Amino acid sequence: MTTTPIDQDFEAVSAGLVQPQLPRWAELLVGAMALAVAGLLTMVLGWSLAGGAVVAGLLFVVGMPTWSRVVEGGRAAVDRLATCLVWGAFVAVLVPLVWLIWLVLENGLGAIDVEFLTYSMRGIVGDGGGIYHALMGTLLVTLAATIISVPIGLFTAIYLVEYGKGSRLARVTTFLVDVMTGIPSIVAGLFALALLVLIFGPAIRIGFGGSIALALLMIPTVVRSAEEMLRLVPSDLREASYALGVPKWRTIVKVVMPTAFGGIVTGIVLAISRVIGETAPLLIVAGATDSVNMNLFNGRMMTLPVYIFSQYSSPGVPAFGTDGPPPGYARAWGAALVLIGIVMVLNLVARVLQKMYAPQTDRRR
């Protein structure tokens, strides 16, 4: 008499050789029950949808490992509990992100048009106006900050990895870089303002001061990211270059830097994304204006974060005879959407450059 695979599995389970497992539809069943119980509690107790969703998630996290412990044993229950916690953490991070993007799109998309992107706020009291002056100010200030911070950060990282291994100066530099990473942005703004006041006088407010403040915030990120990327370059590449008689500086330029280029660019973009939305240092040093100023070294300069702050803090009044929110709110949401779009474009460019300049390997995928 022949036995089927089902009979063999049943015999193995009966003999204790194979631990029984939950069916494939167990997650769906527990999820449906958790949603049903949470929905019932929401209707009876008058909770919000967010509260019901949280209760459903907690019921699923408790119910799934409990059922697994009864059927599959303790090890499988712990594994399912860890899986539920990981997925729960992922959802907990994803929900506010999606909600934020949806909120900005809902409130800011209607404010963006050609006039909004090409006009400034000069002479605007009520409706109308745009972000052209703030957009140009953000691009110029951030570009100047990048020009200042990237060379300093890269050379510092090269020294720490290639020249200063184990030296006291390298340890002190690493400690100072770590300290600078936690400096509040307002402190960087006050430092830039104090520096400019010592040179030009107390009434100075220029866009280049904002670039100095942002550069102070960017340098630690550039140093740490570039340092980690340079450390990931295999030592065999350096030794092979040295064996061919190539000088150390040329090895760094021709071998080490191209190999780590993709990661370095990603770190630079992350540093730019970190500072492009800073408000306090720019408000202190660069000031605010309603006109276009393309000169970093003369006069106040508006930036998108300061524009958003000013529009939301002083939104104006609705047009006569209309019943709606002040016009400044829509302009603030529109500027926030543009700022998020700039950060997304920067990250996409970094991904493309990382793919283009990634070191070639012989592995087949």
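Bear in mind the structure is a predicted one, so any value in this text is a computation, not a measurement.

(A) Structural view of the overall build of the chain. Counting its secondary structure elements, the chain contains 15 helices and zero strands. In summary, the chain has a C-alpha radius of gyration of 29 Å against a globular reference of 21 Å for 365 residues, an excess of more than 25%. For the C-alpha atoms alone, the extent of the chain along its principal axes is close to 95 × 80 × 35 Å. In the chain, which comprises 365 residues, the share counted as buried stands at 36%. Pairs at least 24 residues apart make up 70% of the contacts formed inside the chain by residues separated by at least 6 positions.

(B) Fine view of the pattern of salt bridges. For the structure on display, the rule yields seven salt bridges. Of the charged contacts, one joins Arg80 and Glu27 as a salt bridge, the two residues approaching to 3.1 Å between their closest N and O atoms. With a gap of 53 residues between them, Arg80 in helix α4 (residues 74-108) and Glu27 in helix α2 (residues 26-45) connect regions that are remote in the sequence. Assessed through its relative accessible area of 18%, Arg80 is described here as buried. Since its relative accessible area comes to 33%, Glu27 is described here as partly exposed. Between Arg231 and Glu227 there is a salt bridge, and its shortest N-O distance comes to 2.8 Å. With a gap of four residues between them, Arg231 and Glu227 both fall in helix α9 (residues 207-231), about one helical turn apart. Taking the relative accessible area as the measure of exposure, Arg231 reaches 44% and is therefore partly exposed. The exposure class assigned to Glu227 is buried, which follows from its relative accessible area of 4%.

(C) Examining the layout of surface pockets more closely. Within this model, the largest pocket holds a volume of roughly 520 Å³. Lining the largest pocket we find 17 residues, and of these Gly57, Cys84, Trp87, Gly88 and Val91 sit closest to its centre. Those elements giving two or more residues to the lining of the largest pocket turn out to be α3 (49-71) and α4. A per-class count over the lining of the largest pocket returns twelve nonpolar, three polar and two charged.

(D) Focus on the packing of aromatic side chains. In the structure shown here, the tally under the stated rule is three aromatic pairs. Measuring from centroid to centroid gives 4.7 Å for Tyr312 and Tyr329, while their planes differ by 35°, and the two rings are tilted. Placement of Tyr312 in helix α14 (residues 304-313) and of Tyr329 in helix α15 (residues 327-356) is noted, with a sequence separation of 17 residues between them. Overall, the relative accessible area of 44% leaves Tyr312 in the partly exposed class. Exposure remark for Tyr329: the relative accessible area of 29% places this residue in the partly exposed category.

The rules behind each value
Residue positions are given per chain, counting from 1 as you read along its sequence in written order. Owing to the predicted nature of the model, reporting of local features is limited to residues with pLDDT of at least 70; listing and counting of side-chain atom pairs is limited to 80 or more, with chain, interface and lining totals taken over all residues. No hydrogens and no water enter the side-chain calculation; it runs on all heavy atoms of the structure. Helix and strand definitions here come from DSSP, where helices need a minimum of 4 consecutive H or I residues and strands a minimum of 2 consecutive E residues; each element is numbered from the N-terminal end. Radius of gyration: C-alpha atoms only; globule rule: 2.2 Å multiplied by the number of residues to the exponent 0.38. A 1.4 Å probe rolled over the protein chains alone gives each residue an accessible area, and that area as a share of the maximum for its type sets the label: buried under 20%, exposed over 50%, partly exposed in between. Contacts are assigned to residue pairs that have any heavy atoms within 4.5 Å of one another. Salt bridges are identified by distance alone: a Lys or Arg side-chain nitrogen within 4 Å of an Asp or Glu carboxyl oxygen. Within this scheme a cavity is a closed region of a 1 Å grid, computed over the protein atoms alone, that accommodates a 1.4 Å probe without allowing it to escape, whereas a pocket is open but has protein on both sides within 12 Å along at least five of seven lines; lining residues each have an atom within 4 Å of a point. Grid points are joined across faces, edges and corners, and a volume is the space filled by probe spheres set on the points. As a working rule, the residues Ala, Val, Leu, Ile, Met, Phe, Trp, Tyr, Cys and Pro are called nonpolar, Asp, Glu, Lys and Arg charged, and the rest polar, with Gly in that last group. Only the six-membered ring of Trp is used, alongside the rings of Phe and Tyr, when aromatic pairs are assigned; centres must lie within 6.5 Å, and planes under 30 degrees apart are stacked while those over 60 apart are edge-to-face, with the rest tilted.

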